[in-house]
Amino acid sequence: MAFAPSKGKKHRRPAAAMPQLTSMMDMMVIMLLFLLKVYSTSGALIKPADGVDLPSSTVAAEPVKVLSLLATRNGLYEEINAQQHRLIEDLAALQDDNQVELGNLSSFLHQVQDRNRRFGREETRTLTIQGDKTIPYRWVLKIINTCSNAGFEKIDFVVLKESKHRG
Amino acid sequence: MAFRPSYKKKRQNLEAEANLTPVMNLICVLIPLLLGSAKFVDLALLEYSPPIIQETGAPGGSAGDNGGQTGGLLELRVNVTYSALEVSIFNATEGENYAAITKRADGEYDYDALRRKLVDVKTRIVGQPVARNQQLDPQTGRLEIAEQYRFSDADQVRLSAEGDIPLQTLIRVLDACREYRTDQGIYKPLFPSPALGQIQ
């Protein structure tokens, strides 16, 4: 025969299971403070492209979203978005020292200018280059020459910002 | 005789617990919002405008040619070779207007020495501005004070490098040429208009 249940247990009300929120709140507040610290009103207008190791500099100019080229060790690309790139110039053209101007890049830039004019867009004569920090100077010079000859007046390099006060 | 203690005082104190759920809801909304606008990689733009360079005659000219006259050319050049950073003014290839800053013992270029050399050129050769004019900036549409120096190319530096010099070195040299920090901790422009070209 079963024992009769104790009187104490019989009258005890089942307590509502409440999750312990205090520790979670602590964690959330820390996260909130960290995110507020790195908060930016302009947001990330340019994202570093995959496969490009950007050089670092002490400049402070904020990046703007304009026509973007990627100069990597494998060639020159048009940046469609952070993951998608379209090849403009291959390695052979960049390494050819007899070529002072890049033909495919020149025609691509003229196409861009024509397209902007056709659609009545404001003609921007600025472009940005996300260049890998190891690419040689002669490639940089070729790209700049070609862009300059195609009518681009401002050619900006995307860099990783580092502190001026270092060292 | 003392009063009898009130029955109300015997009431058990219930532990008052704050209702954190609305605060948690707010934080749960704020965190994804802030995550979306956070910049974990801080990018910047190194602006470069290919300038129109004023050329003079053959190299090898001296400071005395046009150095002391208003509107003369300073012709500051920085060449990055595989072994050194070469700084020259007035197209000099030797003498007091030419300096070669060799690499440090660790194999790195000495950017601090380059900056010191350029500060010396700026303070000793270029000197103080001879006039200050107000002019309208066509890009911003604002009136800005333009300083005029003895040399019409007093803010320009012609930068060239050997073909295989990596982009990072070029950026470091551009950083060194752009501005310097005074003893008072103020950043002042040095030669902020670079012109990239072939090594000569």
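## Some details on the overall build of chain B
Link 1 in the chain: Looking only at helices and strands, one finds 4 helices and 10 strands in chain B.
Link 2 in the chain: When the helices and strands of chain B are read in sequence order from the N terminus, they spell out α-β-α-β-β-β-α-β-β-β-α-β-β-β.
Link 3 in the chain: Within chain B, residue pairs in contact and separated by at least 24 positions form 57% of the contacts whose partners lie at least 6 positions apart.

## Considering the overall build of chain A
Link 1 in the chain: Helices and strands together make up the secondary structure of chain A, namely 5 helices and 6 strands.
Link 2 in the chain: Ordered by position from N to C terminus, the α and β elements of chain A give α-α-β-β-β-β-α-α-β-α-β.
Link 3 in the chain: Looking at chain A alone, contacts between residues at least 24 apart form 64% of all its contacts between residues at least 6 apart.

## Some points on the interface of chain B and chain A
Link 1 in the chain: Contacts between the two partners involve 34 residues from chain B and, on the opposite side, 43 residues from chain A.
Link 2 in the chain: Elements with a minimum of two residues in the side of chain B that touches chain A: α1 (21-37), β1 (43-46) and α4 (167-178) of chain B.
Link 3 in the chain: Considering each element in turn, the side of chain B that touches chain A owes the most residues, 8 residues, to α1 of chain B.
Link 4 in the chain: The class makeup of the residues in the side of chain B that touches chain A is 24 nonpolar, 4 polar and 6 charged.
Link 5 in the chain: Across 4 bridges, strand β6 (residues 154-161) of chain A lies against β1 of chain B in antiparallel orientation. The residue bridging V159 of chain A from the neighbouring strand is A44 of chain B, located in β1 of chain B.

## Overview of the sheet that holds strand β4 (residues 98-102) of chain B
Through backbone hydrogen bonds, the strands of a sheet pair up, either in parallel or in antiparallel fashion.
All names here are of chain B.
Link 1 in the chain: Pairing is mixed in the open sheet, where 5 strands are placed in the order β4-β3-β2-β7-β10. Looking along the sheet, the strands with just one partner apiece sit at the ends: β4 and β10 (193-198). The mean angle between the axes of side-by-side strands here comes to 20°, regardless of whether they run parallel or antiparallel.
Link 2 in the chain: Pairing geometry for strand β2 (residues 77-80) and strand β7 (residues 156-161), over 4 bridges, is parallel. When the bridges of β7 are listed, R77 appears paired with R158.
Link 3 in the chain: Packing against the sheet, α4 makes contact with β2, β3 (84-88), β7 and β10, and its axis sits at approximately 155° to β2.

## Considerations on the confidence of the model for chain B
Residue and element names in this part refer to chain B.
Link 1 in the chain: With 84% of its residues at a pLDDT of 70 or more, chain B has an overall mean of 81.
Link 2 in the chain: Ignoring residues within four places in sequence, the model shows residues 54-70, a span with pLDDT below 50, making 23 contacts including any to other chains.
Link 3 in the chain: Note on the complex model: pTM 0.75, ipTM 0.76.

## Focus: unusual backbone geometry
Residue and element names in this part refer to chain B.
Link 1 in the chain: The backbone of E75 shows a phi angle near 50°, a positive value even though the residue is not glycine.
Link 2 in the chain: Following the sequence through the fold, E75 ends up in the loop between α2 (63-66) and β2.
Link 3 in the chain: Positive phi, close to 60°, is recorded for N91, a residue that is not glycine.
Link 4 in the chain: Tracing the chain through its elements places N91 in the loop between β3 and β4.
Link 5 in the chain: N91 gets classed as buried once you count the C-beta atoms within 10 Å, which come to 23.

## Here's the deal with the confidence of the model for chain A
Link 1 in the chain: Across chain A, the average pLDDT comes to 82, with 84% of residues at 70 or higher.
Link 2 in the chain: Per-element averaging of pLDDT across chain A places helix α1 (residues 7-11) of chain A at the bottom with 62 and helix α5 (residues 137-149) of chain A at the top with 91.

## Regarding α4 of chain B
Link 1 in the chain: Its 12 residues give α4 of chain B an end-to-end C-alpha distance of 16 Å, which sits within 8% of 16 Å, the value for a rise of 1.5 Å per residue.
Link 2 in the chain: Among the residues of α4 of chain B, L167, L170, I171, R172, V173, L174, D175, A176, C177 and R178 of chain B are the ones counted as buried.

## Some points on helix α4 (residues 103-118) of chain A
Residues and elements named next belong to chain A.
Link 1 in the chain: Relative to the 22 Å expected for 16 residues at 1.5 Å per residue, α4 spans 22 Å between its end C-alpha atoms, a close match to the ideal helical length.
Link 2 in the chain: Turning to α4, its buried residues are L105, F108 and L109. Buried residues of α4, viewed axially, fall in a sector of 95°; they line one side. Turned more than 90 degrees away from the buried face of α4, the exposed residues are G103, S107, H110, Q111, D114, R117 and R118.
Link 3 in the chain: If you follow the buried residues of α4, they end up packed against β3 (75-79), β4 (85-90) and α5.
Link 4 in the chain: At the exit of α4 stands G120, carrying a positive phi of roughly 65°.

## Considering the nonpolar core
Link 1 in the chain: Within the largest apolar cluster, 60 residues are counted, with the highest numbers of intra-cluster contacts made by I143 of chain A together with L170 and V173 of chain B.
Link 2 in the chain: Counting residues per element, this core draws most heavily on α4 of chain B, which supplies 7 residues.
Link 3 in the chain: L170 of chain B has contacts with Y137 and V140 of chain A together with A161 and I165 of chain B, leaving out every residue within four places of it along the chain.

What counts and how
- Residues numbered from 1 in each chain as written.
- Chains lettered and ligands numbered in written order.
- Predicted model: local features only at pLDDT ≥ 70, side-chain atom pairs only at ≥ 80, totals over all residues.
- Helix = DSSP H or I, 4+ residues; strand = E, 2+ residues; numbered from the N terminus.
- Contact = placed C-beta atoms within 7 Å.
- Nonpolar A, V, L, I, M, F, W, Y, C, P; charged D, E, K, R; others polar.
- Pairing = 2+ DSSP bridges.
- Axes fitted to C-alpha atoms, helices over the stretch in contact; angles between N-to-C directions.
- pLDDT = per-residue confidence, 0-100.
- Buried ≥ 20, exposed ≤ 12 C-beta atoms within 10 Å, placed from the backbone.
- Expected span 1.5 Å × (residues − 1).
- Arc of directions from axis to C-beta.
- Core = buried A, V, L, I, M, F, W, Y, C linked by C-beta atoms within 7 Å.

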